[in-house]
Amino acid sequence: MREKLEINNLDDLYEAILTLETVEECRLFFKDLCTVPELKALSQRFKVAQMLTENHVYSDIVGATGASTATISRVNRSLSYDGAGGYCIAFDRLKGKKKGDK
């Protein structure tokens, strides 16, 4: 029973995020929702994922992001083996958005 409630609460959060329309609205929402260290961790993982998809080596990623090799390995595992595909969806859509801006 409790597990279902937690999933519903998470879906509520996802639905709230989907209502945000601009980068500024997202910035304000996440500033309220997360601590500074949580935001740094999320943005670091996202940057690591971007760099991995661009075929950067671990040492370059460590230097650019400050991420540990353990974090890079976890993100790489999500991209390569057991992830849900969420990074790829976001990256594909960002690429499409950039192409549409030109």
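As shown above, the structure is provided for reference.
Residues numbered from 1 in each chain as written. Predicted model: local features only at pLDDT ≥ 70, side-chain atom pairs only at ≥ 80, totals over all residues. Heavy atoms only, no water.

Chemist: Outline the environment of C26, listing residues and values.
Modeler: Here C26 is to be found in helix α2 (residues 23–33). When its relative accessible area of 28% is taken as the criterion, C26 is described as partly exposed. Separated by 53 residues in the primary sequence, C26 and L79 have C-alpha atoms spaced 24 Å apart. (Helix = DSSP H or I, 4+ residues; strand = E, 2+ residues; numbered from the N terminus. Buried < 20%, exposed > 50% of the residue type's maximum accessible area, 1.4 Å probe, protein only.)

Chemist: Please set out unusual backbone geometry residue by residue, giving values where relevant.
Modeler: In this structure, N55 is a non-glycine residue whose phi angle is positive, near 65°. Along the chain, N55 turns up in the loop between α3 (36–53) and α4 (58–65). The class of N55 is exposed, set by a relative accessible area of 68%.

Chemist: Would you mind going over the packing of α3 against α4 in detail, with residue names and values included?
Modeler: Each pair of packed helices can be described by the angle between their axes along with the distance between the axes. In contact at an axis separation of 10 Å, α3 and α4 are set at 145° when each is read in the N-to-C sense. Viewed along their axes, α3 and α4 form a crossing whose handedness is right-handed. From α3, Q44, K47, V48, M51 and L52 reach across to α4, where they touch Y58, D60, I61, A64 and T65. The residue inventory of the contact of α3 with α4, partitioned by class, reads six nonpolar, two polar and two charged. (Axes fitted to C-alpha atoms, helices over the stretch in contact; angles between N-to-C directions. Left-handed = near helix turned anticlockwise from the far one by under 90°. Contact = heavy atoms within 4.5 Å. Nonpolar A, V, L, I, M, F, W, Y, C, P; charged D, E, K, R; others polar.)

Chemist: Describe the packing of aromatic side chains, with residues and values.
Modeler: Overall, the coordinates contain three aromatic pairs when judged by the stated rule. Ring centres of F46 and F91 lie 5.2 Å apart, and the angle between their planes is 50°; on these two criteria the pair is classed as tilted. Within this pair, whereas F46 is found in helix α3, its partner F91 is found in helix α6 (residues 86–101), the two being separated by 45 residues in sequence. The class for F91 is buried, based on a relative accessible area of 9%. Residues Y87 and F91 carry aromatic rings whose centres are separated by 6.1 Å and whose planes lie at 15° to one another, so their mutual orientation is stacked. Taken together, the residues span about one helical turn, with Y87 and F91 both in helix α6 at a distance of four residues. (Phe/Tyr/Trp six-rings, centres within 6.5 Å; stacked < 30°, edge-to-face > 60°.)

Chemist: Residue-level account of the packing of α4 against helix α5 (residues 69–82), with values.
Modeler: The contact between α4 and α5 brings their axes to 10 Å, and the two run at 115°. Of the possible angle classes, the one that applies to α4 and α5 is roughly perpendicular. Helix-helix and strand crossings are classified by hand; for α4 and α5 the assignment is right-handed. Packed against α4, whose contacting residues are Y58, I61 and V62, the element α5 presents T69, I72, S73 and N76 at the interface. When its residues are assigned to classes, the contact of α4 with α5 shows four nonpolar, three polar and no charged. (Parallel < 35°, antiparallel > 145°, perpendicular 65-115°, else oblique.)

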